[in-house]
Amino acid sequence: MTNPEVLFFPASEWVPNHPFLPVLVYRQVFEPTEKDRAHGFESRFFDAGWQGLWRNGVFSYQHYHVGAHEVLGIAEGKAELLIGGPEGATLEVRAGDCLVLPAGTGHMRISASEDFLVVGGYPPGQHADIETAAATPGELKIIATLPVPHSDPFHGAGGPLVALWKEASGNPD
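The following refers to the structure shown.

### Topic: the overall build of the protein
Helix and strand counts for the protein come out as 3 helices and 9 strands. Start at the N end of the protein and walk to the C end: the helices and strands fall as β-β-α-β-β-β-β-β-β-β-α-α. In terms of overall size, the protein behaves like a compact globule, its C-alpha atoms giving a radius of gyration of 15 Å where 173 residues would be expected to give roughly 16 Å. Once the C-alpha set of the protein is aligned to its principal axes, its extents read approximately 45 × 40 × 25 Å. If you take every contact in the protein between residues at least 6 apart in sequence, the share linking residues at least 24 apart comes to 75%. Of the accessible surface of the protein, which amounts to about 8200 Å², a share of 53% is contributed by carbon and sulfur atoms.

### Details of the side chain of Arg37
Tracing the chain through its elements places Arg37 in helix 1 (residues 37-47). Among the polar contacts listed, one links the side chain of Arg37 to the backbone oxygen of Ala75, at a separation of 2.9 Å. Here Glu76 takes part through its side chain, which lies 3.2 Å from a polar atom of the side chain of Arg37. Here Arg37 is in contact with Phe30, Ala75, Glu76, Ala95 and Gly96, once residues within four sequence places are set aside.

### Notes on the pattern of salt bridges
A side chain with one charge can pair with a side chain of the opposite charge if their charged atoms come near. Inspection of every chain in the model, using the stated rule, returns 4 salt bridges. A salt bridge links Glu5 to Arg27, with the shortest nitrogen-to-oxygen separation between them at 2.8 Å. Of this pair, Glu5 sits in strand 1 (residues 5-7) while Arg27 is found in the loop between strand 2 (23-26) and helix 1, placing the two residues 22 residues apart along the sequence. Taking relative accessible area as the criterion, Glu5 reaches 33% and is therefore assigned partly exposed. Of the charged contacts in the structure, one is a salt bridge between Glu76 and Arg37, with a shortest N-O distance of 3.2 Å.

### Observations regarding the pairing of strand 5 (residues 78-83)
Pairing geometry for strand 5 and strand 6 (residues 89-94), over 6 bridges, is antiparallel. Across the sheet, Leu82 pairs through a bridge with Thr90, a residue of strand 6. Between strand 5 and strand 6, which pair antiparallel in sequence order, lie 5 residues; one of them, Gly84, sits at a positive phi of approximately 95°.

### Notes on the sheet that holds strand 3 (residues 51-56)
What the 6 strands build is an open sheet, ordered 1-2-7-4-9-3; its pairing is antiparallel. Strands at the two margins of the open sheet, each flanked by one partner only, are strand 1 and strand 3. Adjacent strand axes in the sheet meet at a mean angle of 15° when their direction is disregarded. Bridging between strand 1 and strand 2 involves 3 bridges; their strand directions are antiparallel. Within strand 2, the residue paired with Glu5 across the bridge is Val25. Sheet strands in contact with helix 1 are strand 3, strand 4 (70-76), strand 7 (98-101) and strand 9 (117-122), and its direction is about 155° off that of strand 4.

### A closer look at the side chain of Gln126
Within the secondary structure, Gln126 sits in the loop between strand 9 and helix 2 (137-145). Look at Gln126 and you get buried, because its relative accessible area is 6%. If sequence neighbours within four positions are ignored, Gln126 has contacts with Gln51, Gly67, Ala68, His69, Leu146 and Pro147.

### Some points on a nonpolar patch on the surface
Taken together, Phe59, Tyr61 and Ile130 make up a surface patch of nonpolar side chains, about 270 Å² in accessible area. For Phe59, the position within the fold is in the loop between strand 3 and strand 4.

Rules used throughout
Residues numbered from 1 in each chain as written. Predicted model: local features only at pLDDT ≥ 70, side-chain atom pairs only at ≥ 80, totals over all residues. Heavy atoms only, no water. Helix = DSSP H or I, 4+ residues; strand = E, 2+ residues; numbered from the N terminus. Rg over C-alpha atoms; globule rule 2.2 N^0.38 Å. Contact = heavy atoms within 4.5 Å. Areas by Shrake-Rupley, 256 points an atom, 1.4 Å probe, with all protein chains shown as cover. Polar contact = N/O pair within 3.5 Å; in protein donor to acceptor, adjacent residues only side chain to side chain. Salt bridge = Lys/Arg side-chain N within 4 Å of Asp/Glu carboxyl O. Buried < 20%, exposed > 50% of the residue type's maximum accessible area, 1.4 Å probe, protein only. Pairing = 2+ DSSP bridges. Axes fitted to C-alpha atoms, helices over the stretch in contact; angles between N-to-C directions. Patch = residues over 30% accessible without salt bridge, like charges linked within 9 Å, V, L, I, M, F, W, Y side chains within 5 Å.

Given below as structure tokens:
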């Protein structure tokens, strides 16, 4: 198991980003012999207890979620994504990469190959909304207090997300 890249993003124009949880970027999580990465991501996410699984892409407009953290498994193709709002960072992702975005994190697709396919999902009890305007004070409170998942979406209960996010939240237990 490889530790993920850890990326912090401050607020960016109207996008709040998360006040203390980092974005996690896992690179090439499958063996090169994996033939059906979409099914592989779905199986891993389901086994880790993540729900609301879907297959699609990433919207071409900047948005974020208040009510859910989100996992994006890049099943096919490649893309450039803008993560962290208008002043964020451009990330190149390709089949086999996996991103975990804490609530409030801005994201959008800049460009993508024709075969770009993402498998996404959310922690148990969390539901994604699509926000395209500045967060209200109440929404900022929800983002900051949304529970840390009990399992890493790809690696399960012993995965890096749990320890990294609990440490970042100041709650190591």
